[in-house]
Amino acid sequence: MNYCLCSFSTANRKNLYGITNLCKRRYAEKYNVDFVFEELSNYRLHPAWYKMDFILKLFEKYDAVYFLDDDASFIRYDVDLYSLLDTSADINIAHVDDSLNTGSFFLKKNANTIEMLKYVYMLYDKYKDDIFLEQSAFNDAIEKFKLKVNLLDDKIINSTIFNRTADSVILH
């Protein structure tokens, strides 16, 4: 499967993504996948809402994307993320309690996921003031489009300093 590891950020977060992108590039090189990064400028909405446009652009070249927020970083390089995925699922995503976390997920390109991304963007007015922003819209859209979802343990692919374990691969 032709996929990339991807992330984006804004110029005012350059000190942060300067560090995390080094880790992402190192990881991508080790596992022979492209790392695609974009510095966002002049986007009229909160940057979180750019995620959909970014992934749709990447779908022009890739069959799937592994998206990581700009503040997420690899802390282990001995585990191939691809080995953790259910490749028959439309989306493999971090699961925290009863919610999905769009800071770390793998999305395959197909007609449903493309329409789902467009739909999420259309939910902007409904969720623009929601504390979880596009994440809440993603939760709604995944249900609406009946995507096959593989829930991944957040302690593995989206850990924090509070729940990190020896098995954690990504710190967010």
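Residues numbered from 1 in each chain as written. Predicted model: local features only at pLDDT ≥ 70, side-chain atom pairs only at ≥ 80, totals over all residues. Heavy atoms only, no water.

A. Layout of unusual backbone geometry. Phi at Asn42 takes a positive value of approximately 60 degrees, unusual for a residue other than glycine. According to the relative accessible area criterion, Asn42 is exposed, its value standing at 82%. Phi at Leu133 takes a positive value of approximately 50 degrees, unusual for a residue other than glycine. Relative to the helices and strands, Leu133 is located in the loop between helix H4 (124-127) and helix H5 (134-144). Residue Leu133 is classed as buried on the basis of its relative accessible area, which comes to 15%. (Buried < 20%, exposed > 50% of the residue type's maximum accessible area, 1.4 Å probe, protein only. Helix = DSSP H or I, 4+ residues; strand = E, 2+ residues; numbered from the N terminus.)

B. Structural view of the layout of surface pockets. By volume, the largest pocket amounts to about 370 Å³. Considering the residues around the largest pocket, the lining is formed by 21 residues, among which His46, Ala48, Lys51, Asp69 and Glu134 are closest to the centre. When residues of the lining of the largest pocket are traced back to their parent elements, those giving at least two are strand E1 (3-10), strand E6 (99-108) and H5. (1 Å grid on protein atoms, 1.4 Å probe; cavity = no way out; pocket = protein on both sides within 12 Å on 5 of 7 lines; lining within 4 Å. Points joined across faces, edges and corners; volume = space filled by probe spheres on them.)

C. Broad picture of the pairing of E1. Of all eight residues making up E1, eight are buried, and the element is well covered by its neighbours. The side-chain alternation of E1 yields two buried faces, one formed by Tyr3, Leu5, Ser7 and Ser9 and the other by Cys4, Cys6, Phe8 and Thr10. As paired strands, E1 and strand E3 (residues 64-68) are joined by four bridges and run parallel to one another. The residue of E3 that forms the bridge with Leu5 is Tyr66. Relative to strand E2 (residues 34-40), E1 is paired through seven bridges, and the arrangement is parallel. Across the sheet, Thr10 pairs through a bridge with Leu40, a residue of E2. (Pairing = 2+ DSSP bridges.)

D. Quick peek at empty space enclosed by the protein. Enumeration over the complete set of coordinates arrives at one cavity of 30 Å³ or more. Of the volumes computed, that of the largest cavity is approximately 60 Å³. For the largest cavity, the full set of lining residues is Tyr3, Leu5, Tyr27, Tyr31, Val33, Tyr66, Asp80, Leu81 and Tyr82. A per-class count over the lining of the largest cavity returns eight nonpolar, no polar and one charged. (Nonpolar A, V, L, I, M, F, W, Y, C, P; charged D, E, K, R; others polar.)

E. Molecular detail of the environment of Asn112. For Asn112, the position within the fold is in helix H3 (residues 111-122). Look at Asn112 and you get partly exposed, because its relative accessible area is 38%. Sequence separation between Asn112 and Lys146 is 34 residues, and the spatial gap between their C-alpha atoms is 8.5 Å. Every residue in contact with Asn112, bar those within four places of it in the chain, is listed here: Phe145 and Leu147. (Contact = heavy atoms within 4.5 Å.)

F. Geometry of the nonpolar core. With 33 residues, the main nonpolar core has Leu107, Met116 and Phe138 as its most contacted residues. Elements with a contribution of two residues or more to this core: E1, E2, helix H2 (50-58), E3, strand E5 (91-96), E6, H3 and H5. Of all the elements, H2 adds the most residues to this core, at five residues. The contacts of Met116, once residues within four sequence positions are left out, are Leu107, Phe138, Ala141, Ile142, Phe145 and Leu147. The next biggest cluster of nonpolar side chains, apart from the first, holds 24 residues, and it includes Ala28, Phe35, Ala72 and Leu81. (Core = buried A, V, L, I, M, F, W, Y, C linked by side-chain atoms within 4.5 Å.)

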